[in-house]
Amino acid sequence: MLGALGVFHSLDVYRLFLDAEQRERGLKRAADAHCQPFIRRITERPGELQAELTDGQGGALMKGAWVDLPKLLAESRAGLVADGSLIEASFDPAELQVTPEGVAWRQVRARGVVYCDGYKSSQRGPFAYLPWQPAKGEALDLTSDAPQSPFVLNREGWALPLGQGRWRAGTNWEWVGLDETPTTPQRDKLVARFRGYFQRPVSVEVTGHLAGVRPCTADNRPFLGTHPEEPRFHVFNGLGPRGTVWAPTLAEEMADYLATGKPLRPDCDLRRFA
Ligand SMILES: Cc1cc2nc3c(=O)[nH]c(=O)nc-3n(C[C@H](O)[C@H](O)[C@H](O)COP(=O)(O)OP(=O)(O)OC[C@H]3O[C@@H](n4cnc5c(N)ncnc54)[C@H](O)[C@@H]3O)c2cc1C
């Protein structure tokens, strides 16, 4: 599906080592048998891959990819609307009724409900008891005269080249003040970090700025499964900072679990907290 929509883009990631210690750690990790298939090359000298980068400690060029989520979500939404399967409304768990047949919410009747409401599940509703650790993050869209890289730049964050001088750059981590409001201090920090990838001064014009809250969990594993006391309430959440990586596989597994009872993988099943 991703290929057909043109939203999946293979693109290497160049991890610029921050200092000698990180280089040492990076080399150790690159030598690990699990990591080796993903490493294309370790650089020794600054500018070895691309002139003008501040990669004085060298770096690791790794296989990577990015997914155009705005496009994917717009396409998915259009499909649901065309099917008549989407109701756009604010859902209040207190409005949900458990009936002998299943659940009822306004005009909707169903066998059960699956909570996939991101970090909001950490603040209210039947799954608030789980060990959440939500974390706010911000990202920028920008244009710049910086040299376009043929890879994602990665050091204390990342910068994704989108062509024609356009970039997306992120991100940061905050555990207090959880909201979806972009802030000036983080904007300035992300711009400074972006400029820091290049040896010469580069222009930056911020064209977009977003903030969101990652639904992170105490053990860095998603929360999937059924409420221990209410068998009609299910959860598909806790994807943390890696929704793009986790969601496709886990959505299949969750659908199998709901439809056929096939067990969930134990490290993601919320029964690990029983
Ligand atoms: C700055 C930033 C950068 C990130 N970068 C990456 C990355 O590079 N790669 C990656 O894999 N992941 C990344 N993530 C993490 C990724 O965004 C999450 O893993 C993913 O969004 C989780 O998906 P979700 O659908 O579970 O939750 P969400 O995306 O939070 O979606 C939950 C949805 O539920 C809706 N909702 C909540 N409550 C209600 C209600 N009461 N009524 C109706 N609707 C409701 C919300 O509006 C929202 O649309 C990043 C996150 C941030 C903030």
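Source: prediction; values computed, not measured. (Residues numbered from 1 in each chain as written. Predicted model: local features only at pLDDT ≥ 70, side-chain atom pairs only at ≥ 80, totals over all residues. Heavy atoms only, no water.)

Visitor: I tried to follow the site of the ligand on my own but got confused; where do I start?
Guide: What surrounds the ligand is a group of 20 residues, the closest being Phe 91, Gly 240, Pro 241, Gly 243 and Thr 244. A distance of 2.9 Å separates an oxygen atom of the ligand from a polar atom in the backbone of Gly 243. About the coverage of the ligand: the protein hides 61% of its 1000 Å² of free accessible area. When residues of the shell around the ligand are traced back to their parent elements, those giving at least two are strand S10 (135-144), strand S14 (204-214) and helix H5 (243-260). Ranked by residues supplied to the shell around the ligand, first place goes to H5 with three residues. Looking at the shell around the ligand, its residues break down into six nonpolar, eight polar and six charged. Looking at the shell around the ligand, you find at least three residues from each of domain 2 (87-132 + 218-273) and domain 3 (135-214). (Near = heavy atom within 4 Å. Polar contact = N/O pair within 3.5 Å; in protein donor to acceptor, adjacent residues only side chain to side chain. Areas by Shrake-Rupley, 256 points an atom, 1.4 Å probe, with all protein chains shown as cover. Helix = DSSP H or I, 4+ residues; strand = E, 2+ residues; numbered from the N terminus. Nonpolar A, V, L, I, M, F, W, Y, C, P; charged D, E, K, R; others polar. Domains from an automatic or database assignment.)

Visitor: I would appreciate a short explanation of H5 in the present structure.
Guide: Each α-helix turn comprises 3.6 residues. Residues three or four places apart therefore point the same way. Under the 1.5 Å per step criterion, the end-to-end length of H5 is 24 Å for 18 residues, consistent within 8% with the ideal 26 Å. A maximum bend of about 30 degrees is found in H5 at Leu 250. Within H5, the full set of buried residues consists of Trp 246, Leu 250 and Met 254. Where H5 is buried, its residues touch strand S9 (113-115), strand S15 (223-226) and strand S16 (233-237). Just downstream of H5 lies Gly 261, where phi reads positive at about 80 degrees. (Expected span 1.5 Å × (residues − 1). Bend = angle between axes of the 7 residues up to and from the residue. Buried < 20%, exposed > 50% of the residue type's maximum accessible area, 1.4 Å probe, protein only. Contact = heavy atoms within 4.5 Å.)

Visitor: I keep staring at the domain arrangement of the chain and nothing clicks. Help me out?
Guide: The extent of an interface is frequently quoted as the accessible surface area lost upon association of the parts. For the chain, the assigned domains read domain 1 (2-67), domain 2 (87-132 + 218-273) and domain 3 (135-214). Between the C-alpha centres of domain 2 and domain 3 the distance comes to 32 Å. Contact with domain 2, which involves four residues of that partner, is made by five residues of domain 3. When the buried surface of domain 2 facing domain 3 is broken down by residue, Tyr 119, Gly 240 and Pro 241 rank first, second and third, together holding 89% of it. At the boundary of domain 2 with domain 3, the tally comes to zero salt bridges. (Buried area = accessible area lost by both parts, 1.4 Å probe. Salt bridge = Lys/Arg side-chain N within 4 Å of Asp/Glu carboxyl O.)

Visitor: Would you mind showing me how to read the nonpolar core here?
Guide: Most often, soluble globular proteins have nonpolar side chains that are buried together. In this structure, Leu 153, Trp 167, Phe 194 and Phe 198 are the most contacted members of the largest nonpolar core, which totals 18 residues. At the level of elements, strand S2 (13-16), S10, strand S13 (166-170) and helix H4 (184-195) are the ones that each hand at least two residues to this core. When residues of this core are assigned to their parent elements, the largest contribution, three residues, is made by H4. A domain split of this core shows at least three residues from each of domain 1 (2-67) and domain 3 (135-214). (Core = buried A, V, L, I, M, F, W, Y, C linked by side-chain atoms within 4.5 Å.)

Visitor: Looking at this model, I keep getting lost on the pairing of S15. Mind explaining?
Guide: On any regular strand, side chains alternate: one points to one face of the sheet, the next to the other face. In S15, alternate side chains face the same way, and those of Phe 223 and Gly 225 on one face and Leu 224 and Thr 226 on the other are all buried. Of the pairings in the sheet, the one linking S15 to S16 comprises four bridges and is antiparallel in character. Note on S16: the bridge partner recorded for Phe 223 is Asn 237. Here S15 hands over to S16 after six residues, the two strands then running antiparallel side by side. (Pairing = 2+ DSSP bridges.)

Visitor: What exactly am I supposed to notice about helix H2 (residues 20-31) here?
Guide: Its twelve residues give H2 an end-to-end C-alpha distance of 17 Å, which sits within 8% of 16 Å, the value for a rise of 1.5 Å per residue. Within the sequence span of H2, burial applies to Gln 22, Arg 23, Gly 26 and Ala 30. Looking down the long axis of H2, one finds its buried residues gathered within 100 degrees of arc, a one-sided arrangement. Of the exposed residues in H2, those oriented more than 90 degrees away from the buried face are Ala 20, Glu 21 and Lys 28. Where H2 is buried, its residues contact S2, strand S3 (39-43) and strand S4 (59-62). (Arc of directions from axis to C-beta.)

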